[in-house]
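Single-letter residue listing:
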Amino acid sequence: MSSRASGGALAACLITAAIVGFAGGGYFGSQSGGDSPSASETSGTDNTTPVGGTPDGGETPAETEAPAGDGALTLSAGQTEISPGGRIDFTGAVDPPEEGVQLRLERSVDGGDWETFPLNNQPVTNADGAFSTYASTSQNGTNSFRLVREDDDSVVSNEVQVTVG
């Protein structure tokens, strides 16, 4: 029983750290003091998308997820690049918190169709609405992942991208 509590505590800590990190980045990013972006903000040589970022140059895509607080799912990946066969650690939550929500991990490779990603450890939310799981893949390229609520296919998380290869 204590290992389940520790896993839930770990997931809660990871989610809290992610929220604080995103909020801090938003605050400090808005404190640049200049009206024009710096050279590092405008250089287009890096074509990777950070976890939680938008792949199309910063434009926000049309919203397909449920609004926050309305059963919304969030997903974070612990790694943005792995070698083939490497492990990807996923964490996330449902808001408002709900225990026992079964989730399905889906993957799209290089912009292809979304397919269910086979896991031996399907994510299920704990009492705090949080979950953690992991996956391994050898599929080279940009692997995009998202979550779908098993009991309501219209509830879809944000996408995270992991480069394999």
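This text follows the structure it describes.
As the structure is a prediction and not an experimental result, all values here were calculated from the model.

(A) Inspection of the overall build of the chain at higher detail. Within the chain, the secondary structure is distributed over 2 helices and 9 strands. Written out in order from the N terminus, the α and β elements of the chain read α-α-β-β-β-β-β-β-β-β-β. Classification of the 165 residues of the chain by burial places 32% in the buried group. Pairs at least 24 residues apart make up 64% of the contacts formed inside the chain by residues separated by at least 6 positions. Accessible area of the chain: about 9900 Å², with a carbon and sulfur share of 50%.

(B) The sheet that holds strand β1 (residues 72–77), seen in detail. The 3 strands are arranged β1-β3-β6 in an open sheet whose pairing can be described as antiparallel. Because the sheet does not close on itself, it has two edges, and the strands there are β1 and β6 (130–137). Ignoring which end each strand starts from, the neighbouring axes of this sheet average 25° apart. One ladder, built from 8 bridges, connects strand β3 (residues 86–95) with β6; its direction is antiparallel. Among the inter-strand pairings, G86 is bridged to a residue of β6, identified as T137.

(C) Broad picture of the packing of aromatic side chains. Going through the model one piece at a time under the given rule, you end up with 2 aromatic pairs. Seen from their ring centres, F117 and F145 are 5.7 Å apart, and the 75° between their planes marks the pair as edge-to-face. Highlighted residues: F117 in the loop between β5 (115–116) and β6 and F145 in strand β7 (residues 141–149), separated in sequence by 28 residues. With respect to burial, F117 and F145 carry one shared label: buried. A cation over an aromatic ring shows up here: R87 above the ring of Y134, its NZ or CZ 3.9 Å from the ring centre.

(D) The arrangement of the nonpolar core in detail. If you look at the biggest cluster of nonpolar residues, it comprises 20 residues, and the most contacted ones within it are L75, I88, F90, L105, F145 and L147. Breaking this core down by element, the ones donating at least two residues are β1, β3, β4 (103–109), β6, β7 and β9 (160–164).

(E) Examining the side chain of E106 more closely. By the element assignment, E106 lies in strand β4. E106 gets classed as buried once you look at its relative accessible area, which sits at 8%. Side-chain polar atoms of E106 contact the side chain of R104, separated by 3.2 Å. Not counting chain neighbours up to four residues away, the residues in contact with E106 comprise W114, E115, T116, F117, S144, F145, R146 and V148.

Conventions we followed
- Residues numbered from 1 in each chain as written.
- Predicted model: local features only at pLDDT ≥ 70, side-chain atom pairs only at ≥ 80, totals over all residues.
- Heavy atoms only, no water.
- Helix = DSSP H or I, 4+ residues; strand = E, 2+ residues; numbered from the N terminus.
- Buried < 20%, exposed > 50% of the residue type's maximum accessible area, 1.4 Å probe, protein only.
- Contact = heavy atoms within 4.5 Å.
- Areas by Shrake-Rupley, 256 points an atom, 1.4 Å probe, with all protein chains shown as cover.
- Pairing = 2+ DSSP bridges.
- Axes fitted to C-alpha atoms, helices over the stretch in contact; angles between N-to-C directions.
- Phe/Tyr/Trp six-rings, centres within 6.5 Å; stacked < 30°, edge-to-face > 60°.
- Lys NZ or Arg CZ within 6 Å of the ring centre and 35° of its normal.
- Core = buried A, V, L, I, M, F, W, Y, C linked by side-chain atoms within 4.5 Å.
- Polar contact = N/O pair within 3.5 Å; in protein donor to acceptor, adjacent residues only side chain to side chain.

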